[in-house]
Every structure is written in structure tokens, then in C-alpha cells.
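Below are the chains, spelled out letter by letter.
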Amino acid sequence: MNITVSQRGEVSIAAILGEIDGKTAPLAQAQLMPILEATNKVVLDMSSVSYLSSAGLRMLLVLYRQATARSGKVALVGLSEEIKDTMSMTGFLGFFEVSDTLDAGLLSLA
Amino acid sequence: MSALTLPATLDALEDIGQFVKETAVSGGLDTGAAYRLRLAVDEMATNIVSYGGVAEIVIAATVTARDVTVTLVDNGVAFDPRRQALPSEAALAAPLEERDIGGLGIFLALTGVDRYDYAREGETNRNVFTMRKAPAAPPT
């Protein structure tokens, strides 16, 4: 798991690469929390995330709470069908701005 | 049957994931079924290495003409996941601000596969996950 961060105007974009499981979710969370503490609008580009377990859901929950506590927003981009299924079954999907492309994700935060 | 014995740490999850993915490919599961099998096994394995208090975890696979079965074996205290309370529909619909995050892993493990079985055999826990293969296309 690897995270690359870039800036587009007032939006921070964090591109995650790899699998988010019980081992990597806490590492990803530790890297992403400071971004959410510094920026109100964050796009998580998940188009290169091939796997997300409940540990990843827990990470998304923590990030979501951090963002909403600051009236910020987290947009998710490029979710695989399988990850969408997991998020839908567990009632997570509806709480995030979800887009297929980075441009659409940026627009959803505008 | 193929099998693998691993130290029961979070580092084992990557090897377990790889093992299940290879089993799913050799067993001919479609992408969705392969993913849900890996998710179920990974969730249970995460639980075992995090809370089981065991030194090792064994993963084994069997492929037949009809299905693909993955078994996790550990010698921790008896733990039957089927006796855990799964999150209710109301809990899964609650706003994320109010969520109690517990139980989602077991929920995904038990509901994602076609069949889940647990057995306590002597001093071991056996978690058995089965996916049925999609029926072959009829001859044309």
C-alpha cells in the first residue's frame, strides 16, 4: 500500500495504491488523517485499490468523522465494483460522494 | 488439497490473500466470487491473528468439480462466529456519525460466501468457507 498526495486548488488528492486490509489500513489512516486536518476537501483516488476489508471501512469511517467534524467533505473516486458492493452491503456507500473519474470527483466537491 | 502454515500475525494476511486468490483462479471462480471468498477468509483470519492468541494459523484449500473450499484452522480458544450478533439492518443504515463499527468483519465473512461452517474439533477451530462454481455453459 502506497499513498501519493497532490493538490488541485483547494482540494487535496490522495491516490492510494494497493490493498487496504487489517495490516495496511492503520498505516493508510495515519498518512491520511493529517491531510484531513489541514484541508476541508479531500479526494481519495481509489482507482488503484484492488481490495478493501472491514479494516478499510473502519478507516473510511474515521476519515469521514474527521471531515464532517470540520464541515469538510471526502469524495471517493474510482471504486471497483467489488469495493462498491462491500460498501453497499455495510451501508457505507451512501454517505460519500462517489465518482468514477477524478474530474467528476473534483466537481462533486466544488 | 494444498495447505500453508503461517505465523499468526498481521503479516500473514498478505500470504493468505495470495493463497485464496490462487485457489480461486485454479478453481475457476468468477471475479466476484473470488473476491468475496478472499474477503471472507481475510476477515476471519484478521480476527484470529488479532484476538485468537495463537502462534500459527493454517489455511487449506480443496477444489472439486462443483465448488471451492478454503479452511482456516487455529488452536485458540473456541470461537464460533455464528454465535456472534451480526449488525442489524437498522445498524447498517445508521448515519456514519452514530455507527458502532464492531461486527462488520464477521458480517462480511459469514454473508459473503455461499456456505460457511464452523466446527470445534478437539483443541482446534475450523472455519470452512465454500463457494459454488458457476454452472458450465450447456453444450450448444
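Calculation criteria
Residues numbered from 1 in each chain as written. Chains lettered and ligands numbered in written order. Predicted model: local features only at pLDDT ≥ 70, side-chain atom pairs only at ≥ 80, totals over all residues. Heavy atoms only, no water. Axes fitted to C-alpha atoms, helices over the stretch in contact; angles between N-to-C directions. Helix = DSSP H or I, 4+ residues; strand = E, 2+ residues; numbered from the N terminus. Parallel < 35°, antiparallel > 145°, perpendicular 65-115°, else oblique. Left-handed = near helix turned anticlockwise from the far one by under 90°. Contact = heavy atoms within 4.5 Å. Nonpolar A, V, L, I, M, F, W, Y, C, P; charged D, E, K, R; others polar. Pairing = 2+ DSSP bridges. Buried area = accessible area lost by both parts, 1.4 Å probe. Polar contact = N/O pair within 3.5 Å; in protein donor to acceptor, adjacent residues only side chain to side chain. Salt bridge = Lys/Arg side-chain N within 4 Å of Asp/Glu carboxyl O. Buried < 20%, exposed > 50% of the residue type's maximum accessible area, 1.4 Å probe, protein only. Core = buried A, V, L, I, M, F, W, Y, C linked by side-chain atoms within 4.5 Å.

I'm lost on the packing of helix 3 (residues 81-89) of chain A against helix 2 (residues 31-51) of chain B in this one. Help?
Each pair of packed helices gets described by two things: the angle between the helix axes and the distance between those axes. Two numbers describe how helix 3 of chain A lies on helix 2 of chain B: the axes approach to 10 Å, and their chain directions differ by 55 degrees. Here helix 3 of chain A lies oblique to helix 2 of chain B, going by the angle between them. The element helix 3 of chain A and its partner helix 2 of chain B pack so that their crossing is right-handed. When helix 3 of chain A is examined against helix 2 of chain B, the residues Glu82, Ile83 and Thr86 of chain A are found in contact with a partner set consisting of Thr31, Gly32, Tyr35 and Leu39 of chain B. Looking at the contact of helix 3 of chain A with helix 2 of chain B, its residues break down into three nonpolar, three polar and one charged.

Help me understand the pairing of strand 2 (residues 56-63) of chain B in this model?
For a regular strand, the rule is simple: side chains alternate between the two faces of the sheet. All names here are of chain B. In this structure, strand 1 (residues 2-7) lies alongside strand 2, joined through six bridges in antiparallel fashion. By the bridge assignment for strand 2, Leu4 is matched with Ile59. Sheet topology places strand 2 next to strand 3 (residues 67-74); six bridges connect them, and they run antiparallel. Bridge assignment links Ala60 to a residue of strand 3, and that residue is Thr71. Counted along the chain from strand 2 to the antiparallel partner strand 3, the turn is three residues long.

Teacher, can you tell me more about the sheet that holds strand 2 (residues 11-20) of chain A here?
What links the strands of a sheet is backbone hydrogen bonding, and the strands pair in either a parallel or an antiparallel sense. Residue and element names in this part refer to chain A. Strand order in this open sheet of five strands is 1-2-3-4-5, and the pairing throughout is mixed. Only two strands of the sheet have a single partner each, and these edge strands are strand 1 (2-8) and strand 5 (97-99). Averaged over all adjacent pairs, the angle separating strand axes in this sheet is 20 degrees, with direction ignored. Pairing of strand 2 with strand 3 (residues 41-52) involves nine bridges; the strand directions are parallel. From the neighbouring strand, Leu17 faces strand 3, where its bridge partner is Ser48. Across the sheet, helix 2 (residues 54-69) lies against strand 2, strand 3 and strand 4 (73-77), angled at about 175 degrees from strand 3, the strand it touches most.

Looking at this structure, how should I read the interface of chain B and chain A?
Many descriptions give the size of an interface as the accessible area lost when the pieces come together. With 26 residues of chain B at the contact, the number on the chain A side is 24 residues. When chain B packs against chain A, close to 2,100 Å² is buried across both sides, 61% of that on carbon and sulfur atoms. Taken as a group, Tyr35, Leu96 and Ile101 of chain B account for 33% of the area that chain B buries against chain A, more than any other trio of residues on that side. At the surface where chain B touches chain A, the tally comes to twelve residue pairs in polar contact (both at pLDDT 80 or more). Put simply, the parts of the chain that give the side of chain B that touches chain A at least two residues each are helix 1 (12-27), helix 2, helix 3 (89-93) and helix 4 (104-111) of chain B. Of the residues belonging to the side of chain B that touches chain A, the class tally is 13 nonpolar, five polar and eight charged.

I would appreciate a short explanation of the pattern of salt bridges in the present structure.
Once their charged atoms are close, side chains differing in charge can pair, the charge on each being opposite to the other. Overall, the coordinates contain ten salt bridges over all chains when judged by the stated rule. Salt-bridge contacts for Asp11 of chain B lead to Lys23 of chain A; the nearest nitrogen and oxygen are separated by 2.6 Å. Taken together, the residues span two chains, with Asp11 of chain B in the loop between strand 1 and helix 1 and Lys23 of chain A in the loop between strand 2 and helix 1 (24-38). Its relative accessible area of 47% is what places Asp11 of chain B among the partly exposed residues. One continuous salt-bridge network, built from bridges that share partners, spans Glu19 of chain A together with Lys21 and Arg38 of chain B.

What is the right way to look at the nonpolar core in this model?
Generally speaking, nonpolar side chains in soluble globular proteins are found buried as a group. Core analysis: the biggest nonpolar cluster contains 39 residues, and Leu32, Leu44, Leu52, Met87, Phe92 and Phe96 of chain A have the highest contact counts within it. Secondary-structure elements contributing two or more residues to this core are strand 2, helix 1, strand 3, helix 2, strand 4 and helix 3 of chain A together with helix 2 and helix 4 of chain B. The element that contributes the greatest number of residues to this core is helix 2 of chain A, accounting for eight residues. If we skip the residues at most four places from it in the chain, Leu32 of chain A touches Ile3, Ala14, Ile16, Leu44, Met59 and Leu63 of chain A.

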